[in-house]
Amino acid sequence: MNVRVIGLWHMGTVVSACLASVGHDVVGLDHDAGLIGRLLEGRPPVYEPGLDTLLREGLSTGRLAFTSNENEALDGAEVVWITFDTPVDEDDHADVKYVEDRVTRIFPQIPNGGLVLISSQVPVGTTRHLEERYQSEYPENRVSFVYAPENLRLGNAIASFKRPDRVVIGLRTQEDRSRITSLFRPFTDRIEWMSVESAEFGESEAERLPRGHGAGVFVHSSRETDGIGKTQPERVDPQFGRCEERGERVAEQFAPGDEAQRGQCGIVNRLGIPLKE
């Protein structure tokens, strides 16, 4: 598949190199010309064991290229994978505008019929917002928006990507499911399908956190989704139960007497995420 990876720090560089290593045709885009120059020499921006070798192999085969030119990067793209490492403030809140600005900047170059796969850390509703904005600006085009939480571990990122326990995908249509299956087929057939909003909620986060660190994820997400399910309870996503189950398992990590932290995790069970019509 022709895949374009947008945002080339740790996540984007690993994704680009791994995809190219299994035969996808990959072009990585970043607006930092200095970074692109180093990547073209096979030098990753962040140290990751084996990544420099994987980059050089991809470049030598012609399956991997890097550019700062948006038109050059997105020409012929079937999948546009958004991999910006989202900045966070001192309270660990994601700077969503940073991601949104960079995604909307490439709207004019996204080919009609393409699929935008977002893996940057964003609050619930961000993918829907970008999807609706694109549709309002380009009503004659048909572009899908899908969300897949990042699952990489610094220091073991290549193995995490190439041999995942599972891949979580939030999408809207069966056609998107077919394309995502083709994208990940070289790595795994263990894909958990759900709505975009359920995937955004951070299902994959709970089980990869150190013991006792689950509450922060769910409290953070509960603030972002407060009231969503209550406004339209008849449209609650039936797939959201998977997130509830993982939230409960995280809550069980706390000591029996620590009701404050256990209760914070329990907030997950009172939320519902509305489905797109």
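These numbers come from a predicted model, not from an experiment.

Draft legend 1. Looking closely at the pairing of strand β8 (residues 191-194). Of the two faces of β8, the one holding I191 and W193 and the one holding E192 and M194 are both buried throughout. Pairing analysis gives 4 bridges linking strand β7 (residues 167-170) to β8, with the strands arranged parallel. Across the sheet, I169 pairs through a bridge with W193, a residue of β8. For the segment spanning β7, helix α8 (residues 174-184) and β8, crossover handedness is right-handed.

Draft legend 2. Local environment of a negative patch on the surface. A surface patch of like charges, here negative, comprises D89, E90, D91, D92 and D95. Judged by its relative accessible area of 34%, D89 is partly exposed.

Draft legend 3. Just the pattern of salt bridges, in detail. The tally for this structure, following the rule as stated, stands at 12 salt bridges. Residue D25 is joined to R63 by a salt bridge in which the shortest nitrogen-to-oxygen separation is 2.8 Å. Of the two residues, D25 is situated in strand β2 (residues 25-29) and R63 in the loop between α3 (51-61) and β3 (64-67); the sequence distance between them amounts to 38 residues. In this structure, the salt-bridge partner of K97 is D101, at a minimum N-O distance of 2.7 Å. Highlighted residues: K97 and D101, both in helix α5 (residues 96-105), separated by 4 residues, approximately one helical turn.

Draft legend 4. Quick peek at the side chain of T104. In this structure, T104 sits in helix α5. With a relative accessible area of 14%, T104 lands in the buried category. Only 3.1 Å separates the side chain of T104 from the backbone oxygen of D101, close enough to count as a polar contact.

Draft legend 5. Here's a closer look at α3. Listed as buried for α3 are L51, L54, L55 and G58. Down the axis, α3 shows its buried residues gathered within 100 degrees of arc, on one side only. Where α3 is buried, its residues contact α1 (10-21), α2 (33-40), β3 and α7 (157-162). Phi turns positive, to about 85 degrees, at G62, one or two residues after α3.

The rules we used
- Residues numbered from 1 in each chain as written.
- Predicted model: local features only at pLDDT ≥ 70, side-chain atom pairs only at ≥ 80, totals over all residues.
- Heavy atoms only, no water.
- Buried < 20%, exposed > 50% of the residue type's maximum accessible area, 1.4 Å probe, protein only.
- Helix = DSSP H or I, 4+ residues; strand = E, 2+ residues; numbered from the N terminus.
- Pairing = 2+ DSSP bridges.
- Right-handed = clockwise from strand over helix to strand, strands pointing away.
- Patch = residues over 30% accessible without salt bridge, like charges linked within 9 Å, V, L, I, M, F, W, Y side chains within 5 Å.
- Areas by Shrake-Rupley, 256 points an atom, 1.4 Å probe, with all protein chains shown as cover.
- Salt bridge = Lys/Arg side-chain N within 4 Å of Asp/Glu carboxyl O.
- Lys, Arg positive; Asp, Glu negative; His and termini not counted.
- Charge placed at Lys NZ, Arg CZ, Asp CG, Glu CD.
- Polar contact = N/O pair within 3.5 Å; in protein donor to acceptor, adjacent residues only side chain to side chain.
- Arc of directions from axis to C-beta.
- Contact = heavy atoms within 4.5 Å.

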